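A closer look at the structure
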Amino acid sequence: MEKHIYLASRSARRRDLLKQMGVNFEMLLLREGAGRDADFDESELPGETPREYVVRVARLKAEAGWLRLEQRRLMRHPVLAADTTVALGDTILAKPKDREDAVAMLKQLSGTVHHVYTALAIKFYDSLQEALSVTEVRFRELSDD
C-alpha cells in the first residue's frame, strides 16, 4: 500500500516542503479561528507561553483533522498538522491584519532578537506525536526605508 498522509494545513509552504520530500498527501481543510463555526479555537489562553500555545494549536489541528477524517469516513491515514508563531519575549505576534500592521510589527522587531516557534503534530488512531522547533532570529536596526 502506498504511504499517504492527510495535511491539516492551508500553508502553501508546507505543501511545497512535502512535495519536495516526495510525501504523498491530501489536503484536509479545517475551519480555523475563534468563531463559532471553527473546528478549533486558536485563541491564546491566559498565562500561556508561546511554546505552549504553538504546541497546543498544532495538537488541536491534528485532533480536529482526525475527527473530520472519521466524520467523512475517509481512509485511515495519519493526519499531519502544524502551527507557527512569532514571539517577542513572551508576547505572541499575531499575523498582521494589513500592510500598516505589518510595518508596525517590523518596527517592533527592529534591532531585537525574537523567536519563531513551529510545532508539528501527527495523529493516527489513538497515537498523537508532537515535535517543536524554535528558531532565534536577530534583526538589525531597520530604517523607515
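As a starting point, this report considers the structure included with it. (Residues numbered from 1 in each chain as written. Predicted model: local features only at pLDDT ≥ 70, side-chain atom pairs only at ≥ 80, totals over all residues. Heavy atoms only, no water.)

Counting secondary structure elements, the protein contains 3 helices and 6 strands. Seen through its principal axes, the protein has C-alpha atoms that stretch 55 × 35 × 25 Å. The buried share of the protein, reckoned over its 145 residues, is 33%. Roughly 9500 Å² of accessible area belongs to the protein as shown, and the carbon and sulfur atoms make up 50% of that amount. Taken as two groups, the 23 positive and 24 negative side-chain charges of the protein have centres that lie 5 Å from each other. (Helix = DSSP H or I, 4+ residues; strand = E, 2+ residues; numbered from the N terminus. Buried < 20%, exposed > 50% of the residue type's maximum accessible area, 1.4 Å probe, protein only. Areas by Shrake-Rupley, 256 points an atom, 1.4 Å probe, with all protein chains shown as cover. Lys, Arg positive; Asp, Glu negative; His and termini not counted. Charge placed at Lys NZ, Arg CZ, Asp CG, Glu CD.)

A separate point is the pattern of salt bridges. As a working rule, side chains carrying opposite charge can pair if their charged atoms are close by. The tally for this structure, following the rule as stated, stands at 6 salt bridges. Among the ionic pairs, Arg59 bridges to Glu130, the shortest N-O distance being 2.5 Å. With Arg59 in helix 2 (residues 50–71) and Glu130 in strand 6 (residues 127–138), the pair connects residues that are 71 residues apart, well separated along the chain. Among the residues examined, Arg59 registers a relative accessible area of 26% and is labelled partly exposed. For Glu130, a relative accessible area of 41% gives the class partly exposed. (Salt bridge = Lys/Arg side-chain N within 4 Å of Asp/Glu carboxyl O.)

For the rest of this paragraph, the subject is the packing of aromatic side chains. What the rule picks out here adds up to 3 aromatic pairs. Considering the side-chain rings of Trp66 and Phe124, the 6.0 Å spacing of their centres and the 85° angle between planes classify their relative orientation as edge-to-face. Taken together, the positions of Trp66 in helix 2 and Phe124 in strand 5 (residues 113–124) put the pair 58 residues apart, joining distant regions of the chain. Trp66 gets classed as buried once you look at its relative accessible area, which sits at 5%. Given the relative accessible area of 33%, Phe124 is considered partly exposed. Ring plane angle 70° and centroid distance 4.8 Å describe the contact between Phe124 and Tyr125, whose orientation is recorded as edge-to-face. Given a relative accessible area of 44%, Tyr125 falls into the partly exposed group. (Phe/Tyr/Trp six-rings, centres within 6.5 Å; stacked < 30°, edge-to-face > 60°.)

Here the phi dihedral of Arg73 falls at roughly 55°; this positive angle occurs in a residue that is not glycine. Mapped onto the secondary structure, Arg73 falls in the loop between helix 2 and strand 3 (79–88). With a phi angle near 55°, Tyr125 is a residue other than glycine that sits in the positive phi range. Tracing the chain through its elements places Tyr125 in the loop between strand 5 and strand 6.

It is worth stressing that arrangement in space is one thing and function is another; only the former is reported here.
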